[in-house]
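# Topology and contacts: notes
Below, each chain spelled out in residue letters.
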Amino acid sequence: ENTPPVAAREHTVESFTREFLRELNFSQGVDLDRASDNDKYLALAKTVRHYLMTRWLETLRNQYTDQAKTVAYLSAEFLLGPQLENSMLAANLDSIAAESLRGLGIDIEELRGVEIEPGLGNGGLGRLAACFIDSLATLNVPSIGYGIRYEYGIFRQTFVDGKQVEKPDDWLRLGSPWEIAHPENAVEVHFGGHTKKAHGGAEGARAWLPDWHVMAVPYNYMVPGYRNGRVNTLRLWSAKATRAFDLQIFNEGDYEEAVRAQTFAENISKVIYPEDSTPQGKELRLQQQYFFVAASLRDFLTNVLPPDYPLENLPNRVTWQLNDTHPVIAVPELMRILIDERGWDWDKAWGITQQVFAYTCHTLLPEALEVWPTDLLGKLLPRHLEIIYQINDEFVDQVRAAYPGDELRVRRMSIVAEHPVRAVRMAHLATVAGFKVNGVAALHSKLLAEKLLVDFAQMWPEKFTNVTNGITPRRFVRLSNPGLSGLITEAIGDGWITDLDQLSRLEPLADDAEFRRRFREIKSSNKVRLAGVLAKRGDIELAGDGMVDAMVKRLHEYKRQSLKLLHIVSVYEGICSGRIPLDSVTPRTFVFGAKAAPGYVRAKETIELINAVGRTINADASLKGRLKVAFPANYNVTLAEVLIPAADLSEQISLAGKEASGTGNMKFALNGALTIGTDDGANVEIRKLVGDENFFLFGMDEPAAAALQASGYHPDEFYESDADLKAALDMIASGAFTGGDQGGAVTSIFADLTEHDRFMALADFRSYLDAQAKVEAAYADQDAWSRSAVLNVARSGFFSSDRSIRDYLDRIWKAKPIDQNA
Ligand code: 26Q
């Protein structure tokens, strides 16, 4: 390997043990024989943290001297997952720590079980941010992540009678050893009030007289590169009331009111919004966005840049990457700083602003685009609204100049919408201000430029680019699949961990019977590991040594968990009615993992129905255990790490043109699952790379789906004309899974699918069933299946987030890794 194993060089099992015991005694205040698992976990975490700290301080010191361009990744979500193992791996302490603890009679596995993962994200977007900061550090790119330290992460999902019930995620209850608070560096963030003409200052400068403010307290997290000595920073902000909290209306010297005011301020970082598709225009959400963005910009300009840095040169020192529109209020915030605080004129400020922001879009659903009513925006951030209006005035003039007389186009493109209420379209603002706009997979970027943002792409074709998402191979292969990692390393060395294209060297081994046998052996021990975890969580069983067929992702209609359900019901109905001989059915466990947004009724009904079908199938002795449905509650990063390595089949079945990319699809392929999927998002690229013969494609492609939608889609025609589909839907409607109950979720889902079916599950049903038949046939030949699985691994190196980050560097950031040897 070319990178020096930093920690291993400097530390021994003995020194590690000494440090661990010192932490136990002097930080936890307990003796080893009295220590709880939590004490031991915290002592271990702090020991590991110490090792990384030196490197962190070094990285921070270099930040000033290097004068390098920094990538500031602004994201309302970072779905980090458990930290202990990843930190040990990065620091090259994993084997030292294991040996040290073994020597003390401690089971390190037990301690890992104590860790509560920080669930500071909803799903794909938040996890992508976490993968990206891992890759940035590993690639030696000076960078900093900025986000929110939610006191409550994504809710903990429980099931009561098969229905989702949300519980607060009190992830900080035992303290987090991975964060370091810096209250002394707190930043004031202002809200409300009004503006007036500034005395002096530049033309157009205004004074903002806010009427309340909160403190933003930074909490730093270490982001270690993989064994390269770099430790970057993730800075998450927590809201704290000022001691003299001066919200006018609460300022009457009333103690109870004062405490209430404090609570009000601290609510800003209290809880993550669990909606991830149909954003509600809630004031608190806007407060969160401005809160972390204002603090982050201030922090960067005053703490990361050298004192008195000339902001004319800002584009040489930073790109602020906007992770979706959530941080877009940064655009008027920078304008405000430059004009009102630094006295710049408008054109100069806009010239710089347009060079430092780039925007990543993560959706194709128009209803998922953020729009803020100007009433609300003006009340909370009056100066920012003025600036947005002015940006829009100039922009609209530009459109008129480019397309004389095309007022419809002007209306379509305007940053400010007039209907149904006057509101700011954040995606338009981001596109106008950003110097680049990227989608997250090839198809998505194409559709962005041809559909969602077509007017903008016509006006500024050079602004639009693609960066296909990726995942970190450190967490999602090396850590989560030690068996496969060992096999790969034995075959090709361990260079793949930081250079995933090297997996292509496994290709010849797909034809090696012994290699395939060992691959299968690993898959099956990963299933045993999964079965153990599921058993511990409840009475969920796997179907013997059968196929593990997994669909894990947020619950959304466009992702079509309902189509998966129709398949399961159809197989079950076929067995019950004698159409399908039980012996012909491949033993298989359908695994679901999915949280529904608490207010998303249809999604919750779908969960209820999946659980109802699962309960029925799992209890039906006539199936002889050949079919099982496992729906463990609370799918999260921790569970993903045991589930994905055990999967044979990856379900990626969204309606074509709706899933921007998907990243779970990549994790499965890299762990040797075959995909059954539509021609959507990154599936398109996966299929191209792994080959048609190693991928089960089905369903309409995007043009076909768009055409069917446009011609008038009638799901009842599919229901009436396909006997199997009808039988499956009728079985659901009959109450067969709900103890005879034909109301509630049953009626509602049946009616929706047969009457509306917005995402055309019924239209793709037959094709999906045919593809599932091919899956069954292919799985029957285990040797051929494992050949395909190995080829999936060998050909998926492209999906490393290291490659994504290199693409961002080349296409967008124009920043360079620091040359370590320089
Ligand atoms: C916005 C405003 C108010 C409240 C919530 C939100 C909000 C929060 C989260 C909106 C969207 C999200 C998350 C979106 C998301 O996860 N998108 C996914 O991003 C992945 C990474 O690019 C893609 O792979 C997925 O295709 C895409 O669905």
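Conventions we followed
Residues numbered from 1 in each chain as written. Predicted model: local features only at pLDDT ≥ 70, side-chain atom pairs only at ≥ 80, totals over all residues. Helix = DSSP H or I, 4+ residues; strand = E, 2+ residues; numbered from the N terminus. Buried ≥ 20, exposed ≤ 12 C-beta atoms within 10 Å, placed from the backbone. Contact = placed C-beta atoms within 7 Å. Axes fitted to C-alpha atoms, helices over the stretch in contact; angles between N-to-C directions. Parallel < 35°, antiparallel > 145°, perpendicular 65-115°, else oblique. Left-handed = near helix turned anticlockwise from the far one by under 90°. Nonpolar A, V, L, I, M, F, W, Y, C, P; charged D, E, K, R; others polar. Domains from an automatic or database assignment. UniProt positions renumbered as here; feature names shortened; annotations may be inferred. Near = placed C-beta within 6 Å. Arc of directions from axis to C-beta. Expected span 1.5 Å × (residues − 1). Pairing = 2+ DSSP bridges. Core = buried A, V, L, I, M, F, W, Y, C linked by C-beta atoms within 7 Å. pLDDT = per-residue confidence, 0-100.

## Looking at the overall build of the chain
Each helix and strand counted, the chain has 33 helices and 23 strands in total. The principal-axis extents of the C-alpha atoms in the chain amount to approximately 85 × 75 × 55 Å. Sorting the 822 residues of the chain into buried and exposed places 51% on the buried side. Pairs at least 24 apart in sequence give 77% of the contacts found in the chain among residues at least 6 apart.

## Comments concerning the packing of helix α9 (residues 283–304) against helix α11 (residues 330–341)
At a minimum axis separation of 10 Å, α9 and α11 run at an interaxial angle of 45 degrees. Between α9 and α11, the crossing angle belongs to the class labelled oblique. In this structure, the crossing between α9 and α11 has a hand that is right-handed. Side by side, α9 and α11 meet where V293, A294 and L297 of the first sit next to A330, E333, L334 and I337 of the second. For the contact of α9 with α11, the residue count by class is 6 nonpolar, no polar and 1 charged.

## Observations regarding the domain arrangement of the chain
When the domains of the chain are assigned, the result is domain 1 (67–82 + 117–469 + 807–813) and domain 2 (473–799). A separation of 35 Å is found between the C-alpha centroids of domain 1 and domain 2. The interface is formed by 39 residues belonging to domain 1 together with 34 residues belonging to domain 2. Listed by contribution, the elements that provide at least two residues to the side of domain 1 that touches domain 2 are α7 (124–138), β3 (153–160), β4 (163–169) and α17 (442–452).

## Details of the UniProt feature "modified residue: N6-(pyridoxal phosphate)lysine" (unreviewed entry) in the chain
Per the UniProt record, "modified residue: N6-(pyridoxal phosphate)lysine" (unreviewed entry) is annotated on K667. For K667, the position within the fold is in helix α25 (residues 664–670). Apart from residues no more than four positions distant in its own chain, K667 is found in contact with I471, F476 and I644.

## A word on the site of the ligand
Inspection of the region around the ligand gives 21 residues, with G124, L125, D276, P279 and S661 positioned closest. A total of 3 residues in the shell around the ligand trace back to one element, the largest contributor, which is α7. A breakdown of the residues in the shell around the ligand according to their chemical character gives 6 nonpolar, 10 polar and 5 charged.

## Some points on the packing of helix α23 (residues 601–619) against helix α30 (residues 744–755)
Where α23 meets α30, the closest approach of the two axes is 9 Å, and the angle between their N-to-C directions is 115 degrees. Accordingly, the angle class assigned to the pair α23 and α30 is roughly perpendicular. In this structure, α23 meets α30 at a crossing whose hand is left-handed. In this structure, α23 uses R602, E605, T606, E608 and L609 to contact α30, whose residues at the interface are A745, V746, S748, I749 and D752. When its residues are assigned to classes, the contact of α23 with α30 shows 4 nonpolar, 2 polar and 4 charged.

## A look at helix α5 (residues 94–103)
Every buried residue of α5 is accounted for by D94, I96, A97, S100 and L101. Projected down its long axis, α5 carries its buried residues within an arc of 165 degrees, all on one side. Exposed side chains of α5 directed beyond 90 degrees from the buried face belong to S95, R102 and G103. In the stretch just after α5, G105 is the one whose phi turns positive, near 75 degrees.

## A closer look at helix α22 (residues 561–577)
Between its first and last C-alpha atoms α22 spans 24 Å; for 17 residues at 1.5 Å apiece the expected length is 24 Å, and the two agree. Within α22, 14 of the 17 residues are buried, which leaves it mostly tucked inside the rest of the structure.

## Observations concerning the sheet that holds strand β20 (residues 627–630)
Reading across the sheet, the 6 strands line up as β20-β19-β18-β21-β22-β23 and stay open at both edges, with parallel pairing between neighbours. Each end of this open sheet is capped by a strand with a single partner; those strands are β20 and β23 (696–697). Relative to strand β19 (residues 588–593), strand β18 (residues 547–552) runs parallel, the two sharing 6 bridges. Its bridge partner lying in β19, M547 is registered against R588.

## Concerning the sheet that holds strand β15 (residues 423–425)
Spatially, 3 strands are ordered β13-β15-β14 in an open sheet, and the strand pairing comes out antiparallel. Looking at the sheet topology across the chains shown, the edges are occupied by β13 (371–373) and β14 (416–417). With 3 bridges connecting them, β13 and β15 associate as antiparallel partners. Looking across to β15, one finds that P373 is bridged to A423. Most of the contacts of helix α16 (residues 426–433) go to β15, to which it runs at about 50 degrees, and overall it touches β13 and β15.

## Focus on the nonpolar core
Of all hydrophobic cores here, the largest spans 248 residues; its most connected members are V48, F291, A330, L429 and V613. Here this core gets 10 residues from one element, more than from any other, and that element is α9. Here this core gathers at least three residues from each of two domains, domain 1 (67–82 + 117–469 + 807–813) and domain 2 (473–799). Residue contacts for V48: discarding those within four places in its chain leaves L84, S87, M88, A91, L93 and A97.

## Overview of the confidence of the model for the chain
Here the chain shows a mean pLDDT of 95. Residues at 70 or above account for 97%. For the stretch residues 1–5, pLDDT sits under 50, and the model shows 7 contacts to residues farther than four places along the chain or on other chains. Across the whole predicted complex the pTM is 0.97, and at the interface the ipTM reaches 0.99.

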